[in-house]
Each structure stands twice: as C-alpha cells, then as structure tokens.
Amino acid sequence: AVKLHREYRHKYDMEFVFANTGQEHPKTIEFLYNIRNHFGIHIHLIEAVVNEAGVGTGFKEVTWDTLSMNGEPFEDVIAKYGLPNSGFLHCTRELKISPMNAYMKKYDIEYRTLGIRYDEPNRYNPQKKVLYPLWDWKETKESINRWWSEQAFDLEIPDYLGNCLTCHKKSDRKLNIIACEHPEYFDFYKRMEEKYPDDKRQIFRGYRTTQDVLDGKVDDLFNQDMCAEEC
C-alpha cells in the first residue's frame, strides 16, 4: 500500500480498504493507524454485514473509534454459517473477501491488488483484473522486512502469532506456543463453541475443541508449518 501510494497516487485513483473481523490483533490496528498518519494514506475501514439466508454478505463503513474489537462481525458469521474449520473456510470468505467485493461493486472499482510476494510462487495465480505489485517488483519477505526496519515504526507481531491469533490453519506447534504464552487469545473461540455448539464440527484439526488445544492435545508439535506463507 505504501509503495503503491508513493509511486502511483498521481496516476491512478486508488482505494485502500481494510476489512475488520473484530478479532484483529490490536497491533494490527495500531499499525494501520500509523500508516495513515505517517504516510498520509487514507484507509477505508469496513466490516461485514451478514444478511438473511439467500442474501450475500455486505459491508458497512466504520471509523477508528467504532471498530469492532470483540469479534462482533465474526460472531455474526458464525451465527449464520456455523463454526469455521479447515473444511469450512467461510471466515475468510465472509469476513474479508465478500465485504471487499461488495465495496468494489458499490463504488465501481474494477481492479484489485493482492500482496503475493516474489518468494511465494506457490501462491501466485494470475487472474483477470487482479494486480500483483509485490510479485512484479520482485519483493521478497527479506526485502520487505529490511525496508520496514528502516522506518519509524513496524508491525511488531511475531510471525507465529500472525494477525489471526488462533487460526485453525496454524500448525499444532504454533497453537501450542500460543496456548502457553497467551491462553486468553482463545477466549473468543471458546465462547463461540459454547454459544453455537455443533456435534459434527469442531474448529481445530483432529476434531479438537478450543479446550483440547489449551490442554495440550495436539497431533504433531513439529509438523510442517505453512501458515505464515498461506495467510
């Protein structure tokens, strides 16, 4: 976003949009706020609006003061679609993709950009009306981290946490570390399991509940971990 804004703000009419799930890491919100203030980038903040059956998810615009931080949009999605897991990936679809699609449709935005890096060839999948600036500029994780290390601020979130703190895509090893260091990060999922129980579906791999993860019931602490790249 920073590089696009610097290089193309006089050539293209660009919109920078962040879809808030209500379960973002507070450091993510702080990072976006700093980007706005430090680089002068206006960021449109939106949240999913879950409609009745048969009607797709829409969006609403919110402000820095009215951002949901207790999982409100996420709970709305769970109430309609059930608990998310590796077989039911509606969390990303309904909380990120659908609200952004609705935003683009309302404001007649034709192209979108995806932040796929040059060192992520397994994620690079050219699509119509989708731009991949980091790929085109041959930006890698190393070059991006080096650039941010020279700035006045950074994201300050360890890779093993990521933005989605207790995502079911995370490896057992990462979940185990988070359960030890920040068990409170699992409070939201635990509350959702209690409020919207599903005998046929649990959030975590191996048909495990949040409490199972907190209790250290894992399949393989050292399995291959691709979460940082996928997310």
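A quick note: this is a predicted structure, and the numbers were derived from the prediction, not measured.

The rules behind the values
Residues numbered from 1 in each chain as written. Predicted model: local features only at pLDDT ≥ 70, side-chain atom pairs only at ≥ 80, totals over all residues. Heavy atoms only, no water. Helix = DSSP H or I, 4+ residues; strand = E, 2+ residues; numbered from the N terminus. Rg over C-alpha atoms; globule rule 2.2 N^0.38 Å. Contact = heavy atoms within 4.5 Å. Areas by Shrake-Rupley, 256 points an atom, 1.4 Å probe, with all protein chains shown as cover. Lys, Arg positive; Asp, Glu negative; His and termini not counted. Charge placed at Lys NZ, Arg CZ, Asp CG, Glu CD. Phe/Tyr/Trp six-rings, centres within 6.5 Å; stacked < 30°, edge-to-face > 60°. Buried < 20%, exposed > 50% of the residue type's maximum accessible area, 1.4 Å probe, protein only. Salt bridge = Lys/Arg side-chain N within 4 Å of Asp/Glu carboxyl O. Axes fitted to C-alpha atoms, helices over the stretch in contact; angles between N-to-C directions. Parallel < 35°, antiparallel > 145°, perpendicular 65-115°, else oblique. Left-handed = near helix turned anticlockwise from the far one by under 90°. Nonpolar A, V, L, I, M, F, W, Y, C, P; charged D, E, K, R; others polar.

## What about the overall build of the protein chain?
Reasoning step 1: Looking only at helices and strands, one finds 10 helices and five strands in the protein chain.
Reasoning step 2: Radius of gyration (C-alpha) of the protein chain: 18 Å, near the 17 Å computed for a compact globule of 231 residues.
Reasoning step 3: In the protein chain, the proportion of contacts linking residues at least 24 apart, taken out of those at least 6 apart, comes to 58%.
Reasoning step 4: Surface accessibility of the protein chain: about 13,500 Å² in total, with carbon and sulfur atoms responsible for 50%.
Reasoning step 5: Each charge class in the protein chain was averaged separately, 32 positive and 39 negative side chains, and the resulting centres sit 4 Å apart.

## Considerations on the packing of aromatic side chains
Reasoning step 1: Overall, the coordinates contain 20 aromatic pairs when judged by the stated rule.
Reasoning step 2: Centroid distance phenylalanine 39 to tryptophan 148: 6.2 Å. Interplanar angle 85°. Geometry classified as edge-to-face. In this pair, phenylalanine 39 is assigned in helix α2 (residues 26-39) and tryptophan 148 in helix α6 (residues 141-149), connecting sequence segments 109 residues apart.
Reasoning step 3: A relative accessible area of 12% places phenylalanine 39 in the buried class.

## Focus on the pattern of salt bridges
Reasoning step 1: Within this structure, the stated rule accounts for 16 salt bridges.
Reasoning step 2: Here arginine 201 ties to aspartate 198 by a salt bridge, and the two come within 3.8 Å at their closest N and O atoms.
Reasoning step 3: Through salt bridges with shared partners, a single network forms among Arg117, Asp119, Glu120 and Arg123.

## Some remarks on the packing of helix α3 (residues 72-81) against helix α4 (residues 90-106)
Reasoning step 1: Interhelical geometry of α3 versus α4 gives an angle of 130° and a closest axis separation of 10 Å. One element, α3, and the other, α4, form an angle in the oblique class. Crossing geometry of α3 relative to α4 is assigned as right-handed. Judged by residue contacts, Pro73, Phe74, Val77 and Tyr81 of α3 engage His90, Cys91, Arg93, Glu94 and Leu95 from α4.
Reasoning step 2: Split by residue class, the contact of α3 with α4 holds six nonpolar, one polar and two charged.

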